[in-house]
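# Survey of secondary and tertiary structure
What follows is each chain in one-letter form.
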Protein chains: 2
Amino acid sequence: MLTDRIRDHAGQGATTVAAHRRRLRADRARQLADLLRRQVLTGGYPDGSLPHEAALGTDYRASRNTVRQALDLLRAEGLVERLPGVGTVVVAQKYPHGLDRLMGLAETLREHGQVSNEVRSMGPVAAPAPVADRLGIAPGADVLYIERLRRLDGLPLSLDLTYIPLDLGADLLAADLENTDVFRLLEAITGQPLGHADITLEAVNADAHSAAVLQAPRGTAVLMLERLTHLADGRPVDLEFIRFRGDRISMGGRLRRAR
Amino acid sequence: MLTDRIRDHAGQGATTVAAHRRRLRADRARQLADLLRRQVLTGGYPDGSLPHEAALGTDYRASRNTVRQALDLLRAEGLVERLPGVGTVVVAQKYPHGLDRLMGLAETLREHGQVSNEVRSMGPVAAPAPVADRLGIAPGADVLYIERLRRLDGLPLSLDLTYIPLDLGADLLAADLENTDVFRLLEAITGQPLGHADITLEAVNADAHSAAVLQAPRGTAVLMLERLTHLADGRPVDLEFIRFRGDRISMGGRLRRAR
């Protein structure tokens, strides 16, 4: 087994032998599932089907029970399905979203398909204090609020809430928001490139309504991105709260040790 | 109301007036919740209690029903509690984890408390193919596997599965893993700084066993970090699969438009 020779440091006192065995098996299943999920998500099974359980057991030195439990974990995540008489097939794809460069969704996913945006609502609102504060405008000054459900080839990917100062937002009202990233429109309107964005990423369980809009199960894990984007001259111009479906997006990047 | 003047672009045909109203209210509640959650998470309520519902309604131009629904969303996320006769109080804190620089957990959270690591298991294993491939070693060669539950001031933060080539891992077996980041130990063992790490971040619903280990509800959203860390000379030395409790960690960084 994968972990046969692993010294186990805990749980040997108070727990029963049976409970201890269950824990060990669950630990091994998680260990195996993490390795398999990487293969699934990075195209390690190009024909879309996983090897048979017995082959996986040999490859990963894991028992049949551990293999089954690991595959169950991937199934619960919605990454694979187990079809009787066929085996285990890949059913979900996560699209990579870069953490190395500031890009709009259509730009980011250009190679993967067509992004379309359903504008759920759009119009001026008086900026609430936290919005005014971050955009550097007077509290209560008008901002353009835009709410979009974004899809890739028709599949819901994210629900985006966006606030933009009205001097720029006014020009957005007439723009083709259904087919164009706000980033690109802001660069066209201002005649200057974007500069940088401060981002926060969290994992959050979707509330019932957000899940319904994203056509995902209630409680589904969403990758929540808050992003304040600035023009090249430093002016903050775009505050966004974005819920990505966790089962459809992964963020990738490179961190360096030295500053 | 916050969104009174928002033109609504969808849902006016097939849906009934009542369903449309419910949708609008849910949309407004999410909008308000996103603004309040930022205040909650960034210390916007330093005494730990939120303003009264009526005051929030005035501040955010929202109806009492919308305020209540927004506070319910934050409560479901575990960020606030609503105490009868007291009001709404902040009950959770998320700790910031940088995306701008490669750092270990204890380094990252130095200002926030003491990180301790419960080593759940540790020992050599034959490297499964995906591990060998990423660490640049022969398939089946031994690697050190370490599984740790990491806590901040006693509170579970993350469950980390770590693979390290055995020539470096052998020295780790005798090290103080309970109180020291693996990053720091690797730098001490190799005599050189770490260089960079390639990371992937996802939002995933925790399986029952992982949730239990993290002392979180089943299905809780976890921030899943896969990280392959290299030494300054480019050698890959540390492959990790990390599940952060979504309610306790947020990742923050800065993206730039130009490369």
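Keep in mind it's a predicted model, so treat the numbers as computed, not measured.

Here we take up the domain arrangement of chain A. Under the domain assignment, chain A is made up of domain 1 (2-90) and domain 2 (95-252). Relative placement of domain 1 of chain A and domain 2 of chain A: their C-alpha centres are 37 Å apart.

Another point: the packing of aromatic side chains. Residues and elements named next belong to chain A. One pass over the full model with this rule turns up 4 aromatic pairs over all chains. Aromatic side chains Y145 and Y163 sit 5.1 Å apart centroid to centroid with 50° between the ring planes, which places their arrangement in the tilted category. Here the residue Y145 occupies a position in strand β6 (residues 142-152), and Y163 occupies one in strand β7 (residues 155-165), the gap between them amounting to 18 residues. According to the relative accessible area criterion, Y145 is buried, its value standing at 0%. The rings of Y145, Y163 and F241 are connected pair by pair, giving a single aromatic cluster.

Now for the interface of chain A and chain B. Counting residues at the interface gives 90 residues for chain A, matched by 90 residues for chain B. In this assembly, chain A packs against chain B so that about 7900 Å² is buried in total across both faces, 52% of it on carbon and sulfur atoms. Sorting the residues of chain A by area buried against chain B places R30, L255 and R257 of chain A first, and these three jointly supply 12% of that buried surface. Along the contact surface separating chain A from chain B lie 18 salt bridges. A salt bridge links D34 of chain A to R243 of chain B, with the shortest nitrogen-to-oxygen separation between them at 2.7 Å. Counting across the interface, chain A meets chain B through 46 residue pairs in polar contact (both at pLDDT 80 or more). Among the elements that line the side of chain A that touches chain B, the one with the most residues is strand β8 (residues 194-205) of chain A, at 12 residues. The class makeup of the residues in the side of chain A that touches chain B is 40 nonpolar, 20 polar and 30 charged. Note that β8 of chain A and strand β11 (residues 249-256) of chain B share 6 bridges and pair antiparallel. Paired with I199 of chain A across the strands is G253 of chain B, a residue of β11 of chain B.

UniProt marks residues 26-93 of chain A with the feature "domain: HTH gntR-type" (unreviewed entry), using the numbering shown here. Across residues 26-93 of chain A one finds 54% helix and 12% strand; the C-alpha atoms that close the span lie 25 Å apart.

All names here are of chain A. Averaged over chain A, the pLDDT score is 91; the fraction of residues at 70 or greater is 94%. Mean pLDDT values over the elements of chain A span from 46, in strand β1 (residues 7-8), up to 98, in strand β10 (residues 236-245). Predicted confidence for residues 1-13 stays below pLDDT 50, and this span has 43 contacts to residues more than four positions away or in other chains. As scored by the predictor, the complex reaches a pTM of 0.91 and an ipTM of 0.90.

This part takes up unusual backbone geometry. Despite not being glycine, Q215 of chain A has its phi angle at roughly 55°, a positive value. Relative to the helices and strands, Q215 of chain A is located in the loop between α8 (208-213) and β9 (221-231). Phi angles above zero are rare outside glycine, and D153 of chain B is one such case at about 50°. Within the secondary structure, D153 of chain B sits in the loop between β6 (142-152) and β7 (155-165).

Turning our eyes to something else, we now look at the relation of the copies chain A and chain B. Rotating chain A by 180° and moving it 0.0 Å along the rotation axis overlays it on chain B with an RMSD of 0.1 Å. Classification of the inter-copy transformation places it as that of a two-fold axis. By residue overlap, the copies meet face to face through one surface: 100% of the interface positions of chain A are interface positions in chain B.

All names here are of chain A. For the pair helix α1 (residues 17-41) and helix α3 (residues 64-76), interaxial distance at closest approach is 8 Å and the crossing angle is 60°. When the axis of α1 is compared with that of α3, the two are oblique. As for how α1 packs across α3, the hand of that crossing is right-handed. Touching R25, A26, R28, A29, R30, L32, A33, L36 and R37 of α1 are N65, T66, V67, Q69, A70, L71, L73 and L74, all from α3. Looking at the contact of α1 with α3, its residues break down into 10 nonpolar, 3 polar and 4 charged.

Okay, the pairing of β11 of chain B next. Two elements, strand β4 (residues 95-98) of chain B and β11 of chain B, share 4 bridges in a ladder whose sense is parallel. For G98 of chain B, the partnering residue across the bridge sits in β11 of chain B and is G252 of chain B.

So, about the pattern of salt bridges. Residues and elements named next belong to chain A. Overall, the coordinates contain 54 salt bridges over all chains when judged by the stated rule. A salt bridge links R30 to D27; its shortest N-O distance comes to 3.3 Å. Of this pair, R30 and D27 both sit in helix α1, 3 residues apart, which is roughly one turn of that helix. Considered together, R30 and D27 belong to a single accessibility category, that of buried residues. Through salt bridges with shared partners, a single ionic network connects E53, R64, R68, D72, R75 and R82.

The rules behind the values
Residues numbered from 1 in each chain as written. Chains lettered and ligands numbered in written order. Predicted model: local features only at pLDDT ≥ 70, side-chain atom pairs only at ≥ 80, totals over all residues. Heavy atoms only, no water. Domains from an automatic or database assignment. Phe/Tyr/Trp six-rings, centres within 6.5 Å; stacked < 30°, edge-to-face > 60°. Helix = DSSP H or I, 4+ residues; strand = E, 2+ residues; numbered from the N terminus. Buried < 20%, exposed > 50% of the residue type's maximum accessible area, 1.4 Å probe, protein only. Contact = heavy atoms within 4.5 Å. Buried area = accessible area lost by both parts, 1.4 Å probe. Salt bridge = Lys/Arg side-chain N within 4 Å of Asp/Glu carboxyl O. Polar contact = N/O pair within 3.5 Å; in protein donor to acceptor, adjacent residues only side chain to side chain. Nonpolar A, V, L, I, M, F, W, Y, C, P; charged D, E, K, R; others polar. Pairing = 2+ DSSP bridges. UniProt positions renumbered as here; feature names shortened; annotations may be inferred. pLDDT = per-residue confidence, 0-100. Least-squares fit on C-alpha atoms with pLDDT ≥ 70 in both. Axes fitted to C-alpha atoms, helices over the stretch in contact; angles between N-to-C directions. Parallel < 35°, antiparallel > 145°, perpendicular 65-115°, else oblique. Left-handed = near helix turned anticlockwise from the far one by under 90°.

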